[in-house]
Amino acid sequence: MTNLLGKRSLVQEAAALRAGTDDPVDAVHRTCDRIDAVDPEVRAFVPEEGRRTRLVEAARQAAAGVRDPAGRPALHGVPVGIKDIVRVDGLPTRAGSALPPEVLGGPQATVVDRLRAAGALIAGKTVTAEFAVTAPGPTRNPHNPAHTPGGSSSGSAAAVAAGMVPLAIGTQTVGSMIRPAAYCGVVGFKPGYGRIPVDGVIPNAASFDTLGCYATDVAGVALAASVLVDGWRPEAAAGSGPRPVLGVPAGPYLERADDAALRAFEEQQELLRTAGYTVHEVPVMDDFEQIVEQLFTMNRYEVARAHRDWFARFGDRYRRQTTAAIQEGRTIGDAAYEAARVRRRAFRARLAADRAAAGVDLWIVPSATGPAPADLTTTGTSIMCLPWSNAGLPSISLPAGRAADGLPLGLQLIGGSGTDEELLHGAAGIEQVLNGEARKTDVPNGGAGNGDAAGDGARDGGSGRDGGSGRRDGGGRNDGGGRHEDGRPGPVRAG
């Protein structure tokens, strides 16, 4: 039986391809062989007739185009998976939907322009939940195919976890980058809102939508970020600044994680303290339920308007969860939307002030409420990502051990507004601790960096452990008792 898990180092593969010790055509054949071997079960890629032929031709052109290794771009010959809400010239965009691809077509996304300019080869489209909301695609978790890989960037995370590609592109509105990274045991990086242009990407909610990337380690996402992110500051990402001060956001938000996630989180904190990190507990977000409502007021309003024309023509082709999200958004008026925007600005300012007052550089939290649910009808809950997406802050999920059932867990790190580079620098050190590679040194701790600002959001749900006010739905699945997927009372909604 084929092992569904694989690990391909983006940094190592890119270096070998640039140096000429590896060949783009060989890299393509390895990629296609791996897709042929494992994707019939994992189903991370959208099926494509003639994938190998297309890629071999692109690889030959890449190999012939730049003969001198010194002139080869950063991602020369590297195969990349692209989430199927991102438009790519020569490949149809279906967005996990039954709508005609020609209706969803348009100019190629800037993020793909940048990948191709950096020498990358587009391995294909990866599966997404329908329109990046919550109706799952067919992708399975490579760690256990009976479990969800998360969503909505399910195919991209699973493709990296299964060793099909060393790099894949996803998007996040609330938790669609970070949660799949945790569930699939890979590194997922969501930059701050607006730092990668989203033109050419089918919108979910424009105030929140953010492009990001998956790789097997922090060095891999840092390499990709250097190509993709506007105004990238390489000296900050690779610098030797002080060890970041870490903050744990105590209160009702953290209580949404389940017991297994919280036990692991306590162990992760102890590892970091032992390695010399300062970890502060900071009471924040005592109005978390109101923050959830504010985000989804904005999110659903924007989803409904993004799909107004398509839904009018093809409404009968939309899946139940997406239809519910659109219909909910139609009930939200302009005044309620504007009021939610005002509340979000106040939340951002308050969160930034709390962070600065506590002297925190990076927040640390569980990436998800627990391990991937054994349920392919859900993508899990995005609640652990929600406030940080609402504030538009850069975040990253690192593999951080396993639950009792053997499935991966993730640790989420969140930086301040505009500090993506510092976040990745700090994440590299924390990754070493989590991997058991770091030793305590005398590097002093830093203080709070820049303040927080910006935005992101689309509901996959939210819920966790019994915090004394009633058992929640346990990881985003509806418990049959009439809760939303975000944990609020009422009929089930999508997003």
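All chains use their own residue numbering, which begins from 1 and follows the written sequence. With pLDDT at 70 or above as the cut-off, local features in this predicted model cover only qualifying residues; side-chain atom pairs require 80 or more to be listed or tallied, and sums for whole chains, interfaces and linings still use all residues. As a rule here, side-chain values come from all non-hydrogen atoms in the structure, and water together with hydrogens is ignored.

### Re the side chain of His147
Next up, step 1: Secondary structure elements are taken from DSSP: a helix is a run of H or I of four residues or more, a strand is a run of E of two residues or more, and numbering for both begins at the N terminus. Position of His147 relative to the elements: it lies in the loop between β2 (121–126) and α6 (154–161).
Next up, step 2: Pairs of residues are marked as contacts when any of their non-hydrogen atoms sit within 4.5 Å. When near neighbours in sequence (up to four residues on either side) are disregarded, His147 contacts Arg140, Asn141, Ala372, Pro373, Ala374, Asp375, Leu376, Asp405 and Leu407.

### A closer look at the nonpolar core
Next up, step 1: As used here, the term nonpolar core means buried Ala, Val, Leu, Ile, Met, Phe, Trp, Tyr and Cys residues forming a set that is joined through side-chain atoms within 4.5 Å. Buried means the residue's accessible area, taken with a 1.4 Å probe over protein chains only, is under 20% of the maximum for its type, while exposed means over 50%, and partly exposed covers the values in between. With 100 residues, the main nonpolar core has Leu75, Ile396 and Ile430 as its most contacted residues.
Next up, step 2: The contacts of Leu75, once residues within four sequence positions are left out, are Leu10, Leu115, Ala118, Gly119, Ala120, Leu167, Leu223 and Val227.
Next up, step 3: Listed in part, the 29 residues of the second largest apolar core include Leu4, Ile35, Ala162 and Ala168.

### A few points about the sheet that holds strand β6 (residues 246–250)
Next up, step 1: Reading across from one edge, β2-β1-β3-β5-β4-β9-β10-β8-β6-β7 is the order of the 10 strands in this open sheet, with mixed pairing throughout. Only two strands of the sheet have a single neighbouring strand rather than two, namely β2 and β7 (279–283). Across this sheet, the average inter-strand angle for adjacent strands is 30°, counted without regard to direction.
Next up, step 2: Pairing analysis gives 2 bridges linking β6 to strand β8 (residues 362–366), with the strands arranged parallel. Each residue of the ladder has a partner; that of Leu246, found in β8, is Leu362. Strand pairing is assigned whenever DSSP detects at least two bridges linking the two strands. Note on definitions: angles span 0 to 180 degrees between N-to-C directions of axes, and those axes are lines fitted to C-alpha atoms, for helices only across the stretch in contact.

### Some points on the packing of aromatic side chains
Next up, step 1: Think of it this way: a Phe, Tyr or Trp ring, Trp meaning its six-membered ring, pairs with another when their centres are within 6.5 Å, and the plane angle makes it stacked under 30 degrees, edge-to-face over 60, tilted otherwise. Counting across every chain of the model gives 7 aromatic pairs.
Next up, step 2: When the ring of Phe131 is compared with that of Trp310, the centres are 6.0 Å apart and the planes differ by 20°; the resulting orientation is stacked. Here the residue Phe131 occupies a position in the loop between β2 and α6, and Trp310 occupies one in helix α12 (residues 308–314), the gap between them amounting to 179 residues. For the pair shown, Phe131 and Trp310 are each scored as buried.
Next up, step 3: Three or more aromatic residues joined by ring pairs form one cluster here, namely Phe131, Trp310, Phe311 and Tyr318.
Next up, step 4: The side chain of Arg243 reaches across the aromatic face of Tyr277, ending 5.0 Å from its centre. To sit over a ring, a charge needs its Lys NZ or Arg CZ within 6 Å of the ring centre and within 35 degrees of the ring normal.

### Comments concerning the pattern of salt bridges
Next up, step 1: Salt bridges are counted wherever a side-chain nitrogen of Lys or Arg sits within 4 Å of a carboxyl oxygen of Asp or Glu. Counted according to the given criterion, the structure contains 16 salt bridges.
Next up, step 2: Of the charged contacts in the structure, one is a salt bridge between Asp33 and Arg52, with a shortest N-O distance of 2.8 Å. Of this pair, Asp33 sits in helix α2 (residues 24–42) while Arg52 sits in helix α3 (residues 51–65); the two residues are 19 residues apart in sequence, bridging distant segments of the chain.
Next up, step 3: According to the relative accessible area criterion, Arg52 is partly exposed, its value standing at 27%.
Next up, step 4: The shortest N-O distance in the salt bridge between Arg114 and Asp230 comes to 2.7 Å. Separated by 116 residues along the polypeptide, Arg114 in helix α5 (residues 110–117) and Asp230 in the loop between α8 (218–228) and α9 (234–237) bring together distant segments of the chain.

### Remarks on the side chain of Thr173
Next up, step 1: Relative to the helices and strands, Thr173 resides in the loop between β3 (167–172) and α7 (178–184).
Next up, step 2: Given the relative accessible area of 3%, Thr173 is considered buried.
Next up, step 3: At 2.8 Å, the side chain of Thr173 forms a polar contact with the side chain of Asp209. Think of a polar contact as two N or O atoms within 3.5 Å of one another; within protein, one of them needs to be a possible hydrogen donor and the other a possible acceptor, and neighboring residues in sequence only count if both atoms come from side chains.

### Concerning helix α1 (residues 10–19)
Next up, step 1: Among the residues of α1, Leu10, Glu13, Ala14 and Leu17 are the ones counted as buried. Buried residues of α1, viewed axially, fall in a sector of 95°; they line one side.
Next up, step 2: In this structure, the buried residues of α1 make contact with α2, β3 and α8.
Next up, step 3: One or two steps after α1, the chain reaches Gly20, where phi turns positive at roughly 90°. Arc, as used here, means the arc of the directions from the helix axis to the C-beta atoms.

### What to know about the confidence of the model for the protein
Next up, step 1: pLDDT runs from 0 to 100 and stands for how confident the predictor is about each residue. Of all residues in the protein, 88% attain a pLDDT of 70 or more, and the chain-wide mean is 90.
Next up, step 2: Taken together, the stretch residues 439–444 has pLDDT below 50 and engages in 10 contacts with residues farther than four places along the chain or on a different chain.
Next up, step 3: Per-residue pLDDT stays below 50 along residues 448–495; that stretch engages in 198 contacts with residues further than four places along the chain or on separate chains.

### What about the packing of α1 against α8?
Next up, step 1: Direction vectors running N to C along α1 and α8 enclose 55°, while the axes themselves pass 8 Å from each other. Between α1 and α8, the crossing angle belongs to the class labelled oblique. In contact with Leu10, Val11 and Ala14 of α1, α8 contributes Ala219, Gly220, Leu223 and Ala224.
Next up, step 2: Counted by class, the contact of α1 with α8 contains 6 nonpolar, 1 polar and no charged residues. Should an angle fall under 35 degrees it is taken as roughly parallel, and over 145 as roughly antiparallel, whereas 65 to 115 is taken as roughly perpendicular and any remaining angle as oblique. Gly is put with the polar residues, along with every residue not named as nonpolar or charged; the nonpolar set is Ala, Val, Leu, Ile, Met, Phe, Trp, Tyr, Cys and Pro, and the charged set is Asp, Glu, Lys and Arg.

### Comments concerning α2
Next up, step 1: Taking the largest bend as the criterion, α2 deviates by roughly 40°, centred on Asp36, and proline Pro40 comes between one and four positions later.
Next up, step 2: Within the span of α2, buried status applies to Pro24, Val25, Ala27, Val28, Thr31, Cys32, Arg34, Ile35, Val38, Asp39 and Val42.
Next up, step 3: Looking at the buried side of α2, the elements it contacts are α1, α3, β1 (79–83), β2 and α6.
Next up, step 4: Two residues or fewer past α2, Arg43 is found with a positive phi of approximately 60°. The reported bend at a residue is simply the angle between two axes, fitted to the 7 residues ending at it and to the 7 residues beginning with it.

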